[in-house]
Amino acid sequence: VGRIIWILDRGFDDRKVINWILATGGCYVIRARHDRNITQTPDGKTKKLFETIKSKPSLGTLEMNRPVMVDGKLKRKPVQASTRAGGVWLSKPDVLVNVVTLEFQRVRSQNSEDQGWVLLTNLPVSTADQAQQVVALYVLRWSIEEVFAWTKTALNWERPRPVRCRFRVKK
């Protein structure tokens, strides 16, 4: 067996999950949800993740078909994204985490989630090719979302159902 790479969505952006994966010797790509405190060096000044990553060097522009949910269906829209990457330190205990950001260009949505992604990983991201591989791994996760979207539609799981309750009065 080769190495195991966990590809997880924002719901798994948790320090305990990262620690568990590291303890098992695995690799991970997790989409960040929390604007956590980080440092640039193990003993550096504490800053916020989302602001700090903007100061990392640009690796260029990436063209991709971004998965987007439209009316309960997964669509792929072509988009260009400027990429940045670099390492930051999580504290207690100190763990080096590589971060890849994608800032989608010409996106009309006001939703911050539609503006870009922040991916946390322990895979190397010092070159544009390495950052692109991390993004490609995360996009693989969207095939799971496609299955769930199709299942919900086919089985009509999202249809509201009336709640029926019977109450008995004790005498």
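The rules behind the values
- Residues numbered from 1 in each chain as written.
- Predicted model: local features only at pLDDT ≥ 70, side-chain atom pairs only at ≥ 80, totals over all residues.
- Heavy atoms only, no water.
- Pairing = 2+ DSSP bridges.
- Helix = DSSP H or I, 4+ residues; strand = E, 2+ residues; numbered from the N terminus.
- Right-handed = clockwise from strand over helix to strand, strands pointing away.
- Buried < 20%, exposed > 50% of the residue type's maximum accessible area, 1.4 Å probe, protein only.
- Arc of directions from axis to C-beta.
- Phe/Tyr/Trp six-rings, centres within 6.5 Å; stacked < 30°, edge-to-face > 60°.
- pLDDT = per-residue confidence, 0-100.
- Contact = heavy atoms within 4.5 Å.
- Patch = residues over 30% accessible without salt bridge, like charges linked within 9 Å, V, L, I, M, F, W, Y side chains within 5 Å.
- Areas by Shrake-Rupley, 256 points an atom, 1.4 Å probe, with all protein chains shown as cover.
- Salt bridge = Lys/Arg side-chain N within 4 Å of Asp/Glu carboxyl O.

Caption draft 1: Just the pairing of strand β1 (residues 5–8), in detail. Pairing between β1 and strand β2 (residues 27–31): 4 bridges, direction parallel. Bridge pairing links Ile-5 to Cys-27 in β2. This β-α-β element, β1 to helix α1 (residues 15–23) to β2, shows right-handed connectivity.

Caption draft 2: Quick look at α1. If you check which residues of α1 are buried, you get Arg-15, Ile-18 and Ile-21. Seen end-on, α1 carries its buried residues on one side only, within an arc spanning 130°. Projecting away from the buried face of α1 at angles above 90 degrees are the exposed residues Lys-16 and Ala-23. In the segment just after α1, Gly-25 is the residue with positive phi, at about 80°.

Caption draft 3: Looking closely at the packing of aromatic side chains. Tallying each qualifying case throughout the model produces 3 aromatic pairs. Seen in terms of ring centroids, Trp-6 and Trp-20 are 5.4 Å apart; in terms of plane orientation they differ by 75°. Their pairing is edge-to-face. Here Trp-20 lies in helix α1 and Trp-6 lies in strand β1, a separation of 14 residues in the sequence. The exposure class of Trp-6 is partly exposed, given its relative accessible area of 33%. What makes Trp-20 partly exposed here is its relative accessible area of 47%. Between the aromatic rings of Phe-104 and Trp-117, the centroid separation amounts to 5.3 Å while the plane-to-plane angle is 85°, which identifies the pairing as edge-to-face. Here Phe-104 is found in strand β7 (residues 95–104), whereas its partner Trp-117 is found in strand β8 (residues 116–121), with 13 residues between them in sequence. Every member of this aromatic cluster is reached through a ring pair, and the members are Phe-104, Trp-117 and Tyr-138.

Caption draft 4: Broad picture of the confidence of the model for the protein chain. For the protein chain, per-residue confidence averages 83 on the pLDDT scale, and residues scoring 70 or more make up 85% of the total. Per-residue pLDDT, averaged within each element of the protein chain, yields its smallest value for helix α3 (residues 112–115) (64) and its largest for β2 (95).

Caption draft 5: Highlighting the environment of Pro-78. Structurally, the position occupied by Pro-78 is in strand β6 (residues 73–90). Separated by 14 residues in sequence, Pro-78 and Met-64 have C-alpha atoms that sit 5.7 Å apart. Filtering out sequence-adjacent residues up to four positions away, Pro-78 remains in contact with Met-64 and Asn-65.

Caption draft 6: Main features of the environment of Ala-32. Mapped onto the fold, Ala-32 is located in the loop between β2 and β3 (37–38). The spatial distance from the C-alpha of Ala-32 to the C-alpha of Asp-14 is 8.9 Å, given a sequence separation of 18 residues.

Caption draft 7: Geometry of a nonpolar patch on the surface. Nonpolar side chains collect at one region of the surface, where Ile-4, Trp-6 and Trp-20 lie side by side and expose about 330 Å² of accessible area between them. Mapped onto the elements, Ile-4 comes out in the segment before β1.

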